[in-house]
Amino acid sequence: FPSHDNAANNHLVTTDYGTIRPQTSIRYGNTGYAWAMAPTNATWRTSSYPLDFKIATTAVSANSLVTIKAWMRRTNTALPFRLKIKGGQIAGVTNDITSSMTAVADTWEQVSLNFTPTETGVVEILAECWGGSTHTGYIDDITIIQA
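Conventions used here
Residues numbered from 1 in each chain as written. Predicted model: local features only at pLDDT ≥ 70, side-chain atom pairs only at ≥ 80, totals over all residues. Heavy atoms only, no water. Salt bridge = Lys/Arg side-chain N within 4 Å of Asp/Glu carboxyl O. Helix = DSSP H or I, 4+ residues; strand = E, 2+ residues; numbered from the N terminus. Buried < 20%, exposed > 50% of the residue type's maximum accessible area, 1.4 Å probe, protein only. Polar contact = N/O pair within 3.5 Å; in protein donor to acceptor, adjacent residues only side chain to side chain.

Caption draft 1: Molecular detail of the pattern of salt bridges. Considering all chains together, one arrives at eight salt bridges under this definition. Arg45 serves as the salt-bridge partner of Asp16, at 3.3 Å between the closest nitrogen and oxygen. Of the two residues, Asp16 is situated in the loop between strand 1 (13-15) and strand 2 (18-23) and Arg45 in the loop between strand 3 (34-39) and strand 4 (51-60); the sequence distance between them amounts to 29 residues. Given the relative accessible area of 4%, Arg45 is considered buried. A salt bridge links Glu128 to Arg82; the nearest nitrogen and oxygen atoms lie 2.7 Å apart. Note that Glu128 is positioned in strand 9 (residues 121-129) and Arg82 in strand 6 (residues 81-85), a separation of 46 residues in sequence. The same class applies to Glu128 as to Arg82, namely buried. Linked by salt bridges that have partners in common, Arg82, Lys84, Asp96 and Glu128 make up one network.

Written out as structure tokens, the structure reads:
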């Protein structure tokens, strides 16, 4: 990523009604950084138009279970926060597959999502959130396993 405002390591993604940035003050693990996702307009950033961020692109094999795990946290339970695989990007995944946080505010929760593609290919994994204009979701330590 290029640096925002020509400041070293200031990687900021701004989009309509949301910001996404790496940060080190709230982490699950103790290396690197966690991504902070913050919708800035509750009227526009809803479940039908969530703030989304591609957290990984991964190659998968046909007919083998894929498990995605990520540690997620949110500042308020009014911020729905989830992992998502969009349906239609690979055979065997016709519809969207999602897995949402259920933990209370300011608590790390490991969220898991599973799918079994019927062809070998590449899929994108998203984090999504919406609701409120002052809440933030954090995602850290992503694991991808194929059995």
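After that view of the structure, there is still more to cover.
Caption draft 2: View of the side chain of Arg27. Within the element layout of this structure, Arg27 appears in the loop between strand 2 and strand 3. A relative accessible area of 15% means that Arg27 is categorised as buried. Within the structure, the side chain of Arg27 is placed 3.1 Å from the backbone oxygen of Gly32, a separation counted as a polar contact. Engagement of the side chain of Arg27 in a polar contact is seen with the side chain of Asp140, the distance being 2.7 Å.

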